[in-house]
Amino acid sequence: RTISKYINFLIKSSVIRKIYNFSNNARKIEMKAKKLYPFCTTLTKYLGDDPNMSKIIECDVAFQTDAEFFWNYRNEEIDFILLRNNIRKGLEVKYRNTIEHDDLKAFSSKRAEKLKLSENFLIVKEYAKINTSLGNITPIKYYTLWKANI
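Everything quoted here is computed from the prediction, not taken from an experiment.

Reading the values: the criteria
- Residues numbered from 1 in each chain as written.
- Predicted model: local features only at pLDDT ≥ 70, side-chain atom pairs only at ≥ 80, totals over all residues.
- Heavy atoms only, no water.
- Core = buried A, V, L, I, M, F, W, Y, C linked by side-chain atoms within 4.5 Å.
- Buried < 20%, exposed > 50% of the residue type's maximum accessible area, 1.4 Å probe, protein only.
- Helix = DSSP H or I, 4+ residues; strand = E, 2+ residues; numbered from the N terminus.
- Contact = heavy atoms within 4.5 Å.
- 1 Å grid on protein atoms, 1.4 Å probe; cavity = no way out; pocket = protein on both sides within 12 Å on 5 of 7 lines; lining within 4 Å.
- Points joined across faces, edges and corners; volume = space filled by probe spheres on them.
- Nonpolar A, V, L, I, M, F, W, Y, C, P; charged D, E, K, R; others polar.
- Salt bridge = Lys/Arg side-chain N within 4 Å of Asp/Glu carboxyl O.

## Quick look at the nonpolar core
Part 1 of the reasoning: Ranked by size, the top nonpolar core spans 18 residues in total, and within it Tyr37, Val61, Phe80, Leu91, Ile123 and Ile150 carry the most contacts.
Part 2 of the reasoning: Listing elements by their share of this core, those giving two or more residues are α3 (53–64), β4 (76–84), β5 (87–94) and β7 (119–124).
Part 3 of the reasoning: Looking at this core, the element that brings in the most residues is α3, giving five residues.
Part 4 of the reasoning: If we skip the residues at most four places from it in the chain, leucine 91 touches Val61, Thr65, Ile78, Asp79, Phe80, Leu82, Phe107, Phe121, Ile123 and Ile150.
Part 5 of the reasoning: Residues Phe69, Ile78, Ala112 and Leu122 belong to the second largest nonpolar core, which totals 16 residues.

## Quick notes on empty space enclosed by the protein
Part 1 of the reasoning: Considering all chains together, one arrives at one cavity of 30 Å³ or more under this definition.
Part 2 of the reasoning: When its volume is computed, the largest cavity comes out at roughly 30 Å³.
Part 3 of the reasoning: Looking at the largest cavity, the residues that line it are Asp66, Ala67, Glu68, Phe69, Ile81, Leu82, Leu83 and Arg84.
Part 4 of the reasoning: Among the elements that take part in the lining of the largest cavity, β4 stands out by supplying four residues, more than any other.
Part 5 of the reasoning: Residue composition of the lining of the largest cavity, by class: five nonpolar, no polar and three charged.

## Overview of the pattern of salt bridges
Part 1 of the reasoning: Overall, the coordinates contain seven salt bridges when judged by the stated rule.
Part 2 of the reasoning: Close ionic contact of glutamate 58 with lysine 55 constitutes a salt bridge, the shortest N to O distance being 3.8 Å. Placement of both glutamate 58 and lysine 55 in helix α3 is noted, with a separation of three residues, approximately one turn of the helix.
Part 3 of the reasoning: Salt bridges linked by common partners bring Lys35, Lys55, Glu58 and Glu77 together as one network.

Written out as structure tokens, the structure reads:
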């Protein structure tokens, strides 16, 4: 209970952002797992022993996009589900040199199809090599995210 009060204080102070696991059922959203992202990326050191750059970028993307939801079902995960004018968009952060087909399988899973995402985006490094046919996934270089119309 005390920890919950501290977390709520940090959320209201905009020090951290709480992201909810998306569901088509509004009641399930509050009951499912949540993620916390620190506004100041230097705080990611406290999230784990050795935060990699991808996690730091993911924290920044959470705030830049004003994300409220993520989606996770067993081993399938989409980093962020953005709701814009009742339109759902998927956003995955893969800040690495090479992105393989398996890294993006959550977008094409049967469960993810039920989310009815209108568009899917992939946040990547400037010179990332993408070894898959993206199909309905639009890559966006991280440094251009601020001007992307997501």
